[in-house]
Amino acid sequence: MDGYNVCLFSYGQTGSGKTHTMQGSGVGQMRGIIPRSIEQIGRDKTRLERDGWSYEMNVSYLEIYNESIRDLLRDDRYEEIKHEVKVDKDGKRFVSNMTMKPLDPNDDDAVESIIRQAAKCRSVASTGMNAVSSRSHAVFTLHLSAVHPDDGKSIQGQLNLVDLAGSERIERSGASGDRAKEAMAINKSLSALTDVFAAIGRKGGHVPYRNSKLTYLLQPCLSGDGKTLMLVNLSPTEESSQESLCSLRFAAQVNKCELGKAKRSIGDLSAADDDGSKTTGSSARSVNREDSCTSTSLSSQSSSVGRSRSSRLQKPAGSLRRTASRGGSPTGESVRSLGSSRSASSRSLRSTKSSPSLSTRSKVVNSRARLSSPRT
């Protein structure tokens, strides 16, 4: 109701009561999580509508059987349509070619009708551990969108209620043929779900969401963008103690996972209504602001360069040497070194011109010696 993605799993071995936990039976105290959740949403919807909110709700119901997606709300039970998990331009996941039915959460009969229709189309079979064993994962999804015209706000949210297929040991269930293939597909997808939670618990860099259709579909809820809760069902029989221990170990592993703070999907209603024009206008304003910022930056750079050049031209050589000695700019130091090299060259040239060569000095000394010596 507040714009979050919420997911609730029902996990456990086959025959532990996962489907009954989700769907329940009847309209009394034996109702499951799905009808109870819709009833609570209906009450919140009535309360928030008095505050100015307007809600639209649609539901979809699918199963993942042997890594193939099936629509449980299709009109023809035997109709085979290919469904794929896709991502739209806004980054939101959806399943192609799915039946979307509008739902009034305050209509209890409509909710029960959807649950019964899905139950008729779901894949079930009899095994040695469960007479009506679910052979697929079932995902009930409530798609919610709301607007508040006065505040100009819009929100979108999803509620995913997942009835996982039960893990089973083939030696106990006695599955063979198609039932054995179904059991292997179920255990493989549950192992993929375990790997996802293990990677999240380690806070590793890669989380293998794509290893199964279930984890890839529910990635927004498992990756920290939503809220996730898992219910673990246990069988009370003594023969199932080993499976119950494995389920508890898995629950302890899931309990260590931290998904982080959930993100709300809330938007601006006015921006959504005038998306094209306002996007263009904002882009133009953004470009104008960038151009003005660029021109301002260039003018400030040119003025600073002009001031730097004028200051260097107006400073005498002495001031440049003092600036260099004080740790000034590299330009002043270069000018000082160039001036000192030039003055050293001029002094060397003057000394060369004023002083006679070594050979000339020796000739003068010799001539003086001959003049001063007496004649013999």
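First things first, this report covers the structure right here in the doc.

Calculation rules
Residues numbered from 1 in each chain as written. Predicted model: local features only at pLDDT ≥ 70, side-chain atom pairs only at ≥ 80, totals over all residues. Heavy atoms only, no water. Helix = DSSP H or I, 4+ residues; strand = E, 2+ residues; numbered from the N terminus. Buried < 20%, exposed > 50% of the residue type's maximum accessible area, 1.4 Å probe, protein only. Polar contact = N/O pair within 3.5 Å; in protein donor to acceptor, adjacent residues only side chain to side chain. Axes fitted to C-alpha atoms, helices over the stretch in contact; angles between N-to-C directions. Left-handed = near helix turned anticlockwise from the far one by under 90°. Contact = heavy atoms within 4.5 Å. Nonpolar A, V, L, I, M, F, W, Y, C, P; charged D, E, K, R; others polar. Pairing = 2+ DSSP bridges. Salt bridge = Lys/Arg side-chain N within 4 Å of Asp/Glu carboxyl O. Phe/Tyr/Trp six-rings, centres within 6.5 Å; stacked < 30°, edge-to-face > 60°. Disulfide = S-S within 2.5 Å. Parallel < 35°, antiparallel > 145°, perpendicular 65-115°, else oblique. 1 Å grid on protein atoms, 1.4 Å probe; cavity = no way out; pocket = protein on both sides within 12 Å on 5 of 7 lines; lining within 4 Å. Points joined across faces, edges and corners; volume = space filled by probe spheres on them.

Observations regarding the environment of serine 123
Here serine 123 shows up in the loop between α3 (108-121) and β7 (124-125). Classification of serine 123 as buried rests on a relative accessible area of 13%. With 59 residues separating them along the chain, serine 123 and isoleucine 64 place their C-alpha atoms 9.5 Å apart. Separated by 3.1 Å, the side chains of serine 123 and arginine 70 make a polar contact.

Regarding the packing of helix α5 (residues 178-202) against helix α8 (residues 241-255)
Where α5 meets α8, the axes come as close as 9 Å, and the angle between the chain directions of the two elements is 40°. Along this stretch, α5 crosses α8, giving a crossing that reads as left-handed. Contacts from Thr194, Phe197 and Ala198 in α5 reach Phe250, Gln253 and Val254 in α8. Residue classes in the contact of α5 with α8 are distributed as 4 nonpolar, 2 polar and no charged.

Side note on the pairing of strand β10 (residues 153-163)
For β10, a buried count of 8 out of 11 residues is recorded, marking the element as mostly surrounded by other parts of the structure. Two elements, strand β1 (residues 5-12) and β10, share 6 bridges in a ladder whose sense is parallel. For phenylalanine 9, the partnering residue across the bridge sits in β10 and is valine 162. Pairing of strand β9 (residues 137-148) with β10 involves 11 bridges; the strand directions are antiparallel.

Some words on the pattern of salt bridges
Inspection of the entire model under this criterion finds 13 salt bridges. For lysine 203, the salt bridge goes to glutamate 258, with nearest N and O atoms at 3.8 Å. Taken together, the residues span a long stretch of sequence, with lysine 203 in the loop between α5 and α6 (213-217) and glutamate 258 in the loop between α8 and β12 (266-268) at a distance of 55 residues. We classify lysine 203 as exposed; its relative accessible area is 63%.

Looking at the packing of aromatic side chains
Within this structure, the stated rule accounts for 5 aromatic pairs. For the ring pair phenylalanine 9 and phenylalanine 197, a centre distance of 6.5 Å and an interplane angle of 80° mean the geometry is edge-to-face. Taken as a pair, phenylalanine 9 in strand β1 and phenylalanine 197 in helix α5 lie far apart in primary sequence, 188 residues in all. Accessibility classification places phenylalanine 9 together with phenylalanine 197 in one group, the buried group. Their ring planes at 80° and their centres at 6.1 Å tell us that phenylalanine 197 and phenylalanine 250 sit as a pair that is edge-to-face. Placement of phenylalanine 197 in helix α5 and of phenylalanine 250 in helix α8 is noted, with a sequence separation of 53 residues between them. According to the relative accessible area criterion, phenylalanine 250 is buried, its value standing at 4%. Members of the aromatic cluster, each reached through a chain of ring pairs, are Phe9, Tyr11, Phe197 and Phe250.

Digging into the state of the cysteines
Per the stated rule, a full pass over the model turns up 0 disulfides. In this structure cysteine 7 is a free cysteine whose sulfur lies 4.8 Å from that of cysteine 221, the closest cysteine sulfur available.

Observations concerning the packing of helix α2 (residues 33-49) against α3
Think of two packed helices as two axes; the pair is described by the angle between the axes and how far apart they sit. Between α2 and α3, the least distance of the axes is 10 Å, while the angle of their chain directions is 150°. Taken together, the axes of α2 and α3 are roughly antiparallel relative to one another. At the point where α2 passes α3, the crossing takes the right-handed sense. Contact residues: Ile34, Pro35 and Ile38 in α2; Val111, Glu112 and Ile115 in α3. Taken together, the residues that form the contact of α2 with α3 break down as 5 nonpolar, no polar and 1 charged.

A word on empty space enclosed by the protein
All chains considered together, the criterion is met by 1 cavity of 30 Å³ or more. Its boundaries defined by the atoms lining it, the largest cavity holds a volume of some 60 Å³. Lining the largest cavity we find Ile64, Tyr65, Asn66, Glu67, Arg135, Ser136, His137, Glu182, Ala185, Ile186 and Ser189.

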